[in-house]
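# Coordinates in review
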Amino acid sequence: MEKINLQSLLKQMSIEEKVGQLVQLPTEFFKAGETTETTGPLEKLGLSKDYNVFNTGSALNVTNAKLIKEIQSNFLANSKHKIPLLFMADIIYGNKTVMPIPLAQSCSFDFEAIKDCASLIAAESYNDGYHVTFSPMLDIVRDPRWGRVMESFGEDVYVGKQFAKAMIQGFQGENSKLSSGHLAACLKHFACYGAPLAGRDYGAVDLSLQQFYEVHLPAYKAALDNGCKMVMTSFNTINGVPATGNKWLNRKVLRKELNFDGVLITDYAAIKELVVHGVVADEYEAAKLAMECGVDIDMKTAVFANNIEKLIANEDLNIDLLDEAVLRVLRLKEELGLFSNPYRGLEKPVSEQSVEDKKETVLNLARKTSVLLKNNGILPLDTKKKIALIGPHAELKGQFGMWAFLGERELSVDLKSALEKYFTADKLSYAEGSNILLDYSNLGFSTNAGDISKLFPVKNQEDLEKEALAVAQNSDIIVLAIGESMMESGEAASKTDLRLSQPQRNLIKKLAKLNKPMVALIYAGRPLLLSDIEEYFAAILYTWFPGTYGNIANAEILVGECNPSGKLSMTFPKNMGQIPIHYATYRSGRPIIADDVAYRFTSRYLDCSNAPLYPFGYGLNYSNFEITNIKSNKYEFTKDSLPIISATITNNSDIEGCEVVQLYIKDDVASISRPISELKATQRVQMAAWQSKTVEFKLEIEDLKFYNNELDYNSEPGTFTVSISNCSNDLENHVIIKLL
Ligand code: GLC
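Because the structure is a prediction, the values reported are computed rather than measured.

### With respect to the site of the ligand
Taken together, 13 residues surround the ligand, and among them Asp90, Arg148, Lys188, His189 and Asp267 come closest. Within the side chain of Arg148, a nitrogen or oxygen atom sits 2.7 Å from an oxygen atom of the ligand. In the model, an oxygen atom of the ligand is placed 3.0 Å from a nitrogen or oxygen of the Glu491 side chain. Tallied by class, residues from the shell around the ligand come to six nonpolar, two polar and five charged.

Next up, the structure:
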């Protein structure tokens, strides 16, 4: 069909019709059938009763293909200009098939596998008629008190850039052409939402511009450099100005410096919150400020709908700003082909992978996301031994994490079922053992979410423990499946105490008295504080929230069919007082001499070492890899001829496996003090038993650049210490090279 002329369409639209394109409303406003339903929510939202819902531009989180088709059909029948609705949803890391949470995915350091899973998600969602996903979440996070760390890629700038690229290419397809089977991606939350003061969600963010550009911007920029179609503003203020009303952030940085001319949507009701932030007096001013900042879509408030026409009539807003916003929304609809096919995906579903093929695609990632934190040799399990599988996560299906509401629970595999493939009934016993929490009311669900005790039933803890002790008594090895409730991580889930819940800690201590070897599988959406329980376990496998098929991978790892290769993409603190803690810290003029040297006048704590419990980049496996003999093909170089750094990796075992080889760089002397080390490249290296290989990294000048306090982005002559390792806290294998 001929390409629609958007300018001429714009000319035909009234101001009211234009404003409608900038409004996003949830299902209850469009539900096919009774028009009375549209008045109820209208008033509740504060929309005037004569708001014409059939002018609306997009729909939020409609939950299934049938409803999308019904709503689109009813909408077009009543839309004067036949401008189709955009359907957008939080398909963050899974539609029907749910991947491990993003924080787990990044532990794979397998960005191709991450991209393949994003493609799978896009195909499932395309067939359901979705057009835009509010993903990837690209907020860098160095504070595990903040519950949304589960949706992030973790603490590292390099990982963030690779993760962003993989997700955009997976969602949007080749060159972001949005071909069939693909979705428009919406990066979020712009910007710096992952750095709230005190680790409390929605909290203020206060940071230097040098840190903004060096640490927080790169992942967002990588997504835009790969063609990301949409951006979502964040709830937080940045240095006192809310992102949604921040001209510097949205006009100067996003639209000018990053050259983004796509759609900018607010987070949920964020425009209305400008009044609460106290930067505008009322919603009239909020609408004006947001429009002047280049915001295009108002998610789920009546602020644009109720005020833009008045602003223009009062000459408080230039209509050009309205037209530019409407054109960006129409252009996205055009790019998605909606004018010629408003039922994109619904009419001709793209040929999806079979369930088996999907399972393989997901397992190819899920086998690399769990991280083996401890193993005294008890893993892999001897399948001739009697195993007592105990814990509230052992039989749990749908361990999806908070942001996967479309996930098909019945498709998911629980750990017990997965283990039954390897153990006969007489070798595998089970007991729930404990509640996760004894009280769910503090999760903050409003009473209208239904009866909390029905949503989260609490059983008799004493009975659970008694049964578990009896089962464990008759076993050789205890495997504990423990961790967080899914609602303890995610949005509005900040915590000051990251230890495992009290009932689960009690169970661990009671079982430990049986003096049987114990293995822990820990399910969580964030790094938990494990210092007080680590000693009880012979092995710890951290599996995050593993998604639909993650427990298949966990069972394979437990019995040794899969050699674990996950590496932490986020530091695990030893003590809450160390938070925020991450590996790429800045130097002190008085560094500690060594972690166990209590020399007073050095940068240390009196009551805890500086070292984390488990560092970034750490993860065990069943092989025995050694990385040695680092070399550079040149030790002095210029900007246009950078060296190749190589090292030897050896598998000193008879077990084949994969090592995530990591290249760290420290800028020894620069015009501002640089981090003690920064990850600049990784390679997953597959090794046969007893094999030795050379691994090479070609340095790029980008690896040596940084922002100084004048925000100049450049490299500076001088020496660099380059290490190749398998963990951020072991950088001995290093060379010193010099940029002339
Ligand atoms: C939520 C989240 C955001 C999500 C949006 C739509 O509050 O902050 O990540 O995409 O609202 O549900």
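Next comes the rest of the write-up.
### A look at the nonpolar core
What tends to happen in soluble globular proteins is that the nonpolar side chains get buried as a cluster. Among the nonpolar cores identified, the biggest contains 218 residues, and Phe190, Leu373, Leu381, Ile390, Leu480, Val519 and Trp544 are the most heavily contacted of them. The contacts of Leu381, once residues within four sequence positions are left out, are Ile387, Phe423, Ile477, Val479, Val519, Leu558 and Val559. With 25 residues, the next largest nonpolar core counts Phe637, Leu663, Met687 and Phe720 among its residues.

### Regarding the sheet that holds strand β26 (residues 734-739)
Adjacent strands of a sheet pair through backbone hydrogen bonds, lying either parallel or antiparallel. The strand order across the open sheet built from five strands is β18-β26-β25-β20-β21, with neighbouring strands paired in mixed fashion. Of all strands in the sheet, those with a lone pairing partner are β18 (636-637) and β21 (678-687), marking the two edges. With six bridges joining them, strand β20 (residues 657-667) and strand β25 (residues 718-725) adopt antiparallel strand pairing. Within β25, the residue paired with Asp667 across the bridge is Phe720.

### Describing a nonpolar patch on the surface
On the surface, Ile593, Val597, Tyr599 and Phe601 cluster together into a nonpolar patch covering about 420 Å² of accessible area. Val597 gets classed as partly exposed once you look at its relative accessible area, which sits at 32%.

### Remarks on the packing of helix α11 (residues 283-292) against helix α12 (residues 303-313)
Orientation of α11 relative to α12, taken along the N-to-C sense of each, is 85 degrees, at an axis distance of 9 Å. In this view, α11 runs roughly perpendicular relative to α12, as classed from their interaxial angle. Taking contact as the criterion, the partners of Glu283, Tyr284, Ala286, Ala287, Lys288, Ala290 and Met291 in α11 are, on α12, Val303, Phe304, Asn307, Ile308, Lys310 and Leu311. Split into classes, the residues belonging to the contact of α11 with α12 amount to nine nonpolar, one polar and three charged.

### Focus: helix α8 (residues 209-225)
Residues spaced three or four apart along an α-helix face the same direction, because each turn holds 3.6 residues. Between its first and last C-alpha, α8 extends only 21 Å over 17 residues, short of the 24 Å set by a 1.5 Å rise per residue. Taking the largest bend as the criterion, α8 deviates by roughly 60 degrees, centred on Leu217, and proline Pro218 comes between one and four positions later. α8 sits mainly inside the fold: 14 of its 17 residues count as buried. Phi for Gly227, located one or two positions after α8, is positive at around 90 degrees.

### Observations concerning the confidence of the model for the chain
In the predicted model, the chain carries a mean pLDDT of 95, and 97% of its residues have values of at least 70. Predicted confidence is poor over residues 34-39, with pLDDT under 50, and the contacts of this stretch with residues over four places away or in other chains come to six contacts.

### What to know about the environment of Ile265
As for its position among the elements, Ile265 is in strand β9 (residues 263-265). With 29 residues separating them in the primary sequence, Ile265 and Gly294 have C-alpha atoms 9.4 Å apart. Not counting residues within four places of it along the chain, the set of residues in contact with Ile265 comprises Gln24, Met88, Phe134, Cys186, Met230, Val231, Met232, Thr233, Ile297 and Met299.

### Considerations on the sheet that holds strand β19 (residues 644-651)
Strand order in the open sheet formed by three strands is β17-β19-β22, and the pairing between neighbours is antiparallel. Because the sheet does not close on itself, it has two edges, and the strands there are β17 (625-632) and β22 (692-698). Across this sheet, the average inter-strand angle for adjacent strands is 25 degrees, counted without regard to direction. Pairing of β17 with β19 involves six bridges; the strand directions are antiparallel. Each bridged residue has a counterpart across the sheet, and for Phe625 the counterpart in β19 is Asn651.

### A closer look at the environment of Glu155
For Glu155, the position within the fold is in the loop between β4 (132-133) and α7 (157-172). Between the C-alpha atoms of Glu155 and Tyr583, which are 428 residues apart in sequence, the distance is 8.5 Å. Other than its neighbours up to four places away in sequence, Glu155 contacts Ile140, Val141, Arg142, Ser569, Met570, Thr571, Ile581, His582, Tyr583 and Phe616. At 2.7 Å, the side chain of Glu155 forms a polar contact with the backbone nitrogen of Thr571.

### Overview of the side chain of Glu556
Relative to the helices and strands, Glu556 is located in helix α19 (residues 550-559). Aside from chain neighbours lying at most four places away, what touches Glu556 is Arg367, Tyr422, Glu561 and Cys562.

What counts, and where the lines are drawn
- Residues numbered from 1 in each chain as written.
- Predicted model: local features only at pLDDT ≥ 70, side-chain atom pairs only at ≥ 80, totals over all residues.
- Heavy atoms only, no water.
- Near = heavy atom within 4 Å.
- Polar contact = N/O pair within 3.5 Å; in protein donor to acceptor, adjacent residues only side chain to side chain.
- Nonpolar A, V, L, I, M, F, W, Y, C, P; charged D, E, K, R; others polar.
- Core = buried A, V, L, I, M, F, W, Y, C linked by side-chain atoms within 4.5 Å.
- Buried < 20%, exposed > 50% of the residue type's maximum accessible area, 1.4 Å probe, protein only.
- Contact = heavy atoms within 4.5 Å.
- Pairing = 2+ DSSP bridges.
- Helix = DSSP H or I, 4+ residues; strand = E, 2+ residues; numbered from the N terminus.
- Patch = residues over 30% accessible without salt bridge, like charges linked within 9 Å, V, L, I, M, F, W, Y side chains within 5 Å.
- Areas by Shrake-Rupley, 256 points an atom, 1.4 Å probe, with all protein chains shown as cover.
- Salt bridge = Lys/Arg side-chain N within 4 Å of Asp/Glu carboxyl O.
- Axes fitted to C-alpha atoms, helices over the stretch in contact; angles between N-to-C directions.
- Parallel < 35°, antiparallel > 145°, perpendicular 65-115°, else oblique.
- Expected span 1.5 Å × (residues − 1).
- Bend = angle between axes of the 7 residues up to and from the residue.
- pLDDT = per-residue confidence, 0-100.

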